[in-house]
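Letter by letter, the chains look like this.
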Amino acid sequence: MNANPLAGAGSIFRREMLLFRLKLARPSFVLSTMITPLMYMVVFGLGLGRQVRVDGGDYLSFLVPGLMGMAAMHNSFNWVASGLNIARFYHRTWQLVMLAPVSPVAVVAGNVGAGMARGLIATLLVGVAGLAAGWRPEPSVALPLALLLETALFAAIGMVIGLKTRGMEEHTTYTNFVITPMGFFCGTFFPLSNLPGWLSGPLHLLPLTHANIALRQPGLTAEALWALAALTAFAVALLAAAVWVVARYRE
Amino acid sequence: MIRIEAATRRYGAAVAVDGVDLHIAEGEAFGLLGPNGAGKTTLVRMLSTLARPDGGRLAVGGHDTVTQAGAVKRLLGVVFQENNLDRDLSPRQNLTFHARLHRLDHVEKRVAAMIGRLGLAAKADTPVDRLSGGQRRRLVIGRALMTEPKVLLLDEPTTGLDPAIRRDLWDLVRDIRDGGCTIVLTTHYVEEAEALCGRVGIINHGRIVALGSPEELVARHGGPRLEDVVVALGAGGRE
């Protein structure tokens, strides 16, 4: 192997982004990526949300950061996990990466980096839609930091799941039983303080909860710092897990 | 160049490769012949480092495929049965990615030269999806040659291609062989092994059941053609 553990990461990243750029050029693809968060925004934000106030503020201001967190999670996870599934079982291009003399760290860095970029682009589109709907956020450094950490950790989960599953069916199972419930229960649509303690406590063990907390902070408050610290811990552990899975990958 | 000792690989209760011993010299073109499910592909996957043996040892260029996988990867070019290409990308983009992944120098020049060698200049920037089966296969083989490998593993390189394209690919493989590259070719086309390989191993139920040059095997088994020997041994016989 090359002495630089990141050697080769750039070429993996560039290839993934090239494939992404080709997909972005298709309007149907962009629409299908955006349709779910836009529906939530219209139904919950502009429809039901007009009757609701959260912590003294309007519901749209509460909802849009949550939808951005959800879009970041879904896109960074799905792009990496389903991309790996397709590369392993359909196009078989994953073999090329595994047969190249590049380190597991480089493989993870390239794929996670691309997953982050895709997640952040989707999140940006949701944010722009939120602004168009009337969301007026206070500028906060906690928001971009939380999104960076969130996309990194969910892209890392995508790598682990993408390499451990034995086909698209299993991938769908993880999406249905792990990722989608997180989107609904981790504070995207309502504050966790609305839930009984026996339910809200365990939900703090999930990373999206901390992302949603940090995304709604007006700056680097104590609450934001705790949430960012939790996200950092999740990201480090999950990136290490992804490197471990790549290093042990065999067919 | 390649040394396989008592290599075994199981998938659950099934034994795909069963104690194979095999030595392949540098510059040799070696053919593995056998029916579907005989263990050819599993042996290639173990040599490529993608699959680990459950028992025994495989080495390429003196490097163990498990403990020194990085060194083995640097010696190998691998062509699997499937055309494992990025279908939305062009031949130029596919080759460029491969060259960069292997950190080759003068990438653009190398890619242009390979496209010329493969006769794909007119399709260099066309998405792979729009290439013919033969063109895709040439591209997959050409991609494996980008790193100038010392050993080329070809797993059923012409399966599913029509005879004219198959013969065209044989010429490409002959070129590679004549350049001094060690070749391991798996196939179930007897004439392919005869045309390209100086030595052939017949594999069945995960075991090498016969080994020698095509002429030696025919003489030893009294069959008028190598195909008769393969049919006889592939049906369960053993030397």
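Residues numbered from 1 in each chain as written. Chains lettered and ligands numbered in written order. Predicted model: local features only at pLDDT ≥ 70, side-chain atom pairs only at ≥ 80, totals over all residues.

An unreviewed UniProt entry lists chain B under the name ABC transporter ATP-binding protein, with Magnetospirillum aberrantis SpK given as the organism. Per UniProt, the comment on chain B under Sequence similarities (unreviewed entry) is "Belongs to the ABC transporter superfamily." (UniProt positions renumbered as here; feature names shortened; annotations may be inferred.)

Per an unreviewed UniProt entry, chain A goes by Transport permease protein and derives from Magnetospirillum aberrantis SpK. According to the UniProt record, the Sequence similarities (unreviewed entry) comment for chain A reads "Belongs to the ABC-2 integral membrane protein family."

**Student:** Help me understand the packing of helix H6 (residues 142-164) of chain A against helix H10 (residues 222-247) of chain A, please; the structure alone is not making it clear to me.
**Tutor:** Packed helix pairs are characterised by how far apart their axes lie and by the angle those axes make with each other. Residues and elements named next belong to chain A. Two elements in contact, H6 and H10, have axes whose closest approach is 8 Å; the angle formed by their N-to-C orientations is 25°. Looking at the two axes, H6 sits roughly parallel to H10. Along this stretch, H6 crosses H10, giving a crossing that reads as left-handed. (Axes fitted to C-alpha atoms, helices over the stretch in contact; angles between N-to-C directions. Helix = DSSP H or I, 4+ residues; strand = E, 2+ residues; numbered from the N terminus. Parallel < 35°, antiparallel > 145°, perpendicular 65-115°, else oblique. Left-handed = near helix turned anticlockwise from the far one by under 90°.)

**Student:** What's the story with the UniProt feature "domain: ABC transporter" (unreviewed entry) in chain B in this structure? I'm lost.
**Tutor:** Annotation from UniProt places "domain: ABC transporter" (unreviewed entry) at residues 2-230 of chain B. With 38% helix and 27% strand, the stretch residues 2-230 of chain B has end C-alpha atoms that lie 24 Å from each other.

**Student:** What is the right way to look at the environment of Met70(A) in this model?
**Tutor:** Residues and elements named next belong to chain A. Following the sequence through the fold, Met 70 ends up in helix H3 (residues 59-89). For the pair Met 70 and Phe 184, spaced 114 residues apart in the sequence, the C-alpha separation amounts to 8.8 Å. In this structure, Met 70 is in contact with Pro 37, Gly 183 and Thr 188, ignoring residues within four places of it in sequence. (Contact = placed C-beta atoms within 7 Å.)

**Student:** In this structure, what is going on with the pairing of strand S1 (residues 2-11) of chain B? I would like to understand it.
**Tutor:** Both faces of the sheet carry side chains from a regular strand, because those side chains alternate between them. Residues and elements named next belong to chain B. Here S1 pairs with strand S2 (residues 14-24) via 8 bridges, running antiparallel. Looking at S2, one finds that Arg 3 is bridged to His 23. Between S1 and the antiparallel strand that follows it, S2, lie 2 residues; Gly 12 among them carries a positive phi value of about 65°. When S1 meets strand S4 (residues 55-60), the two strands line up antiparallel, connected through 5 bridges. Across the sheet, residue Ile 2 finds its bridge partner in S4, namely Val 60. (Pairing = 2+ DSSP bridges.)

**Student:** For this particular structure, what's the right way to read the nonpolar core?
**Tutor:** In a soluble, globular protein the nonpolar side chains are often hidden away together inside. Residue and element names in this part refer to chain A. In this structure, Ala 146 and Ala 156 are the most contacted members of the largest nonpolar core, which totals 144 residues. Examining the composition of this core, we find that 16 residues originate from one element, H3, more than from any other. Setting aside its immediate chain neighbours within four residues, Ala 146 contacts Ala 211, Ala 214, Leu 215, Ala 227, Leu 228 and Leu 231. (Core = buried A, V, L, I, M, F, W, Y, C linked by C-beta atoms within 7 Å. Buried ≥ 20, exposed ≤ 12 C-beta atoms within 10 Å, placed from the backbone.)

**Student:** What am I meant to see in the environment of Leu18(A) here?
**Tutor:** Tracing the backbone shows Leu18(A) in helix H1 (residues 9-24). C-alpha of Leu18(A) to C-alpha of Asn85(A): the two residues are 67 residues apart in sequence and 18 Å apart in space. Not counting residues up to four positions away in its chain, the partners in contact with Leu18(A) are Leu89(B) and Gln93(B).

**Student:** Any chance you could explain the interface of chain A and chain B here in plain terms?
**Tutor:** Reports often express the size of an interface as the amount of accessible area lost when the parts come together. In this assembly, 21 residues from chain A lie in contact with 23 residues from chain B. Within the residue set of the side of chain A that touches chain B, elements represented by two or more residues are H1 and helix H4 (94-98) of chain A. Top contributing element to the side of chain A that touches chain B by residue count: H1(A), with 5 residues. For the side of chain A that touches chain B, the per-class residue count stands at 11 nonpolar, 6 polar and 4 charged. (Nonpolar A, V, L, I, M, F, W, Y, C, P; charged D, E, K, R; others polar.)

**Student:** Any chance you could explain the sheet that holds strand S3 (residues 29-33) of chain B here in plain terms?
**Tutor:** The strands that make up a sheet pair up through hydrogen bonds in the backbone, lying either parallel or antiparallel. Residues and elements named next belong to chain B. Read from one edge to the other, the open sheet built from 6 strands follows the order S6-S7-S8-S3-S9-S10, with strand pairing classed as mixed. Single-partner strands in this sheet number two, and they are strand S6 (76-79) and strand S10 (207-212). Strand after strand, the sheet turns through a mean of 15° between neighbouring axes, direction not considered. In this fold helix H5 (residues 133-145) packs onto S6 and strand S7 (151-155), with an angle of close to 170° to the strand it touches most, S6.

**Student:** Help me out: how do you make sense of the sheet that holds S2(B) in this one?
**Tutor:** Residue and element names in this part refer to chain B. Here we have 4 strands laid out as an open sheet, ordered S2-S1-S4-S5, and antiparallel in their pairing. Every interior strand has two partners, whereas the edge strands, S2 and strand S5 (63-64), have only one. On the sheet, helix H1 (residues 40-48) packs against S1, S2 and S4 and is oriented at approximately 65° with respect to S2.

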